[in-house]
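Summary of structural features
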Amino acid sequence: IIEARNLFKKYGDLVAVKGVDFSVEPRECFAFLGPNGAGKTTIIRMISCVSPVTSGKLRVDGLDVTRDQRRIKAMLGVVPQTDNIDPDLSVIDNLLVYARYFNLPPKTARQRAEELLALFQLLDRQHSRVDDLSGGMKRRLLIARALLNQPKIIILDEPTGGLDPQARHLVWQKLNYLKSQGTTLLLSTHNMEEA
């Protein structure tokens, strides 16, 4: 479902990704493991069509990232390394506003948002302000948001960074459930145990 051949990313004279090859199979949980600065997030940004490929081939579900960005973005759910939830909106409103990017009808968006909040044990906090959530709750909200468009592939950049063991366990329990439902998971981590 994702294939890279001789993938390079350069920023001026800096080579961030040098000749990487990998393949991700459908329904697989695939991890990029490496220290900070190894190029994991850079690869994720190229797969997500946020940063252009310098050279090499990168395909997502048979589509070329240099030509089919909109179609690729529509099939992805992305959980960034840092929280980018709108603190001025409630938990549910963060999801409903995000659903507009995918042109989801309001009724469908609300139904999916409530289902995802229930899945991630946040339904009782749906009217709370984001600033009132714990770090683990914010991380679960980011993952719920990434699932609104029912993506084929979920990309998670350091998915449990900064979480306590209980929150980490809950996140992985939910990710395993999604994998069992046929979703492909792609994650980056510097944590060998997590990989």
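Values in this document were obtained by computation on a predicted structure and should not be read as measured data.

Points about the overall build of the protein
Scanning the protein for helices and strands turns up six helices and eight strands. Listed by position from the N terminus, the elements making up the protein come as β-β-β-α-β-β-α-β-α-α-α-β-α-β. Its C-alpha atoms give the protein a radius of gyration of 17 Å, near enough to 16 Å, the size a compact globule of 195 residues would have. Every one of the 195 residues in the protein was classed for burial, and the buried ones make up 49%. Taking all contacts inside the protein whose residues are at least 6 apart in sequence as the whole, residues at least 24 apart take part in 67%. Accessible surface computed for the protein: about 10200 Å², of which carbon and sulfur atoms make up 48%. For the protein, the distance from the average site of its 27 positive side-chain charges to the average site of its 22 negative ones is 5 Å.

Some details on the side chain of R145
If you trace the backbone, R145 turns up in helix α5 (residues 135–146). Put simply, R145 is tucked away with no salt bridge, and the nearest opposite charge, on D83, sits 7.9 Å away.

Focus: the packing of α5 against helix α6 (residues 165–180)
Where α5 contacts α6, the axes come no closer than 10 Å and their chain directions differ by 15 degrees. Classified by the angle their axes make, α5 and α6 are roughly parallel. Judged by the twist between their axes, the crossing of α5 over α6 is right-handed. Residue-level contacts link G136, R140 and I143 of α5 to A167, L170, V171 and L175 of α6.

Notes on a negative patch on the surface
On the surface, a cluster of negative charge is made up of D86, D88, D131 and D132. With respect to the element layout, D86 can be found in the loop between β6 (76–79) and α3 (91–99). Residue D86 is classed as partly exposed on the basis of its relative accessible area, which comes to 32%.

Thoughts on α6
In a regular helix each residue adds 1.5 Å, so 16 residues correspond to 22 Å; α6 covers 22 Å between its end C-alpha atoms and thus fits that length. All of the buried residues in α6 are A167, L170, V171, W172, K174, L175 and L178. Elements that come into contact with the buried residues of α6 comprise β3 (29–33), α4 (106–119), α5, β7 (153–157) and β8 (184–189). Looking one or two places after α6, you find G182, whose phi comes out positive at around 105 degrees.

As for the sheet that holds β6
One open sheet accounts for four strands, arranged β3-β8-β7-β6; its pairing is parallel. Both outer strands of the open sheet, β3 and β6, are each paired with one neighbouring strand and no more. Neighbour-to-neighbour, the strand axes of the sheet open up by a mean angle of 15 degrees, direction not taken into account. Looking at chain direction, β6 and β7 are connected through four bridges and run parallel. Bridge pairing in β7 places G77 opposite I154. Running over the sheet, α5 touches β6 and β7 and is turned about 165 degrees from β6. Against the sheet, α6 makes contact with β3, β7 and β8, and its axis sits at roughly 145 degrees relative to β8, the strand it touches most.

Comments concerning α3
Taken across its nine residues, α3 has seven buried, putting it largely inside the fold. Of all the positions in α3, only V91, I92, N94, L95, L96, Y98 and A99 are classed as buried. Those residues of α3 that are buried are in contact with α4 and α5.

Things to note about the pairing of strand β4 (residues 55–60)
In this sheet, β4 lies alongside strand β1 (residues 2–11) in antiparallel orientation, the contact comprising five bridges. Considered in β4, the bridge of R5 is made with K57. Once β4 ends, the chain turns through two residues before running back antiparallel as strand β5 (residues 63–64), passing D61 with a positive phi of about 50 degrees.

Parameters at a glance
Every chain begins its residue count from 1, and numbering advances along the sequence as written. With the structure being a predicted model, the display of local features is reserved for residues of pLDDT at least 70 and the display and counting of side-chain atom pairs for 80 or more, all residues being used for whole-chain, interface and lining totals. The side-chain quantities take in all heavy atoms of the structure and omit both hydrogens and water. For helices the rule is a DSSP run of H or I covering at least 4 residues; for strands it is a run of E covering at least 2, with both sets numbered from the N terminus onward. The globule rule used here is 2.2 Å times the number of residues to the 0.38 power, and the radius of gyration it is set against is calculated over C-alpha atoms. Buried, partly exposed and exposed residues are distinguished by accessible area as a fraction of the type maximum, computed with a 1.4 Å probe on protein chains only: under 20%, between the cut-offs, and over 50%, respectively. By the convention used here, residues are in contact when the closest approach between their heavy atoms is within 4.5 Å. Computed with a 1.4 Å probe, the accessible areas rest on the Shrake-Rupley method; for each residue, only the protein chains presented here act as cover. All tallies of charge rest on Lys and Arg as positive and Asp and Glu as negative; His and the ends of each chain are not included. A charge is said to be at NZ when it belongs to Lys, at CZ for Arg, at CG for Asp and at CD for Glu. Every case where a carboxyl oxygen of Asp or Glu lies within 4 Å of a side-chain nitrogen of Lys or Arg is listed as a salt bridge. As a rule, the C-alpha atoms of each element are fitted with a line to give its axis, helices using only the stretch in contact, and angles between N-to-C directions run from 0 to 180 degrees. These descriptions rest on fixed angle ranges, namely under 35 degrees for roughly parallel, over 145 for roughly antiparallel, 65 to 115 for roughly perpendicular, and the rest for oblique. Each crossing gets its handedness from the near helix: less than a right angle anticlockwise from the far helix is left-handed, clockwise is right-handed. By definition, no residue in a patch forms a salt bridge, and every one has over 30% relative accessible area; like charges are joined within 9 Å, nonpolar side chains (Val, Leu, Ile, Met, Phe, Trp, Tyr) within 5 Å. In this scheme, a helix's expected span is set at 1.5 Å multiplied by one less than its residue total. We call two strands paired when DSSP finds no fewer than two bridges between them.

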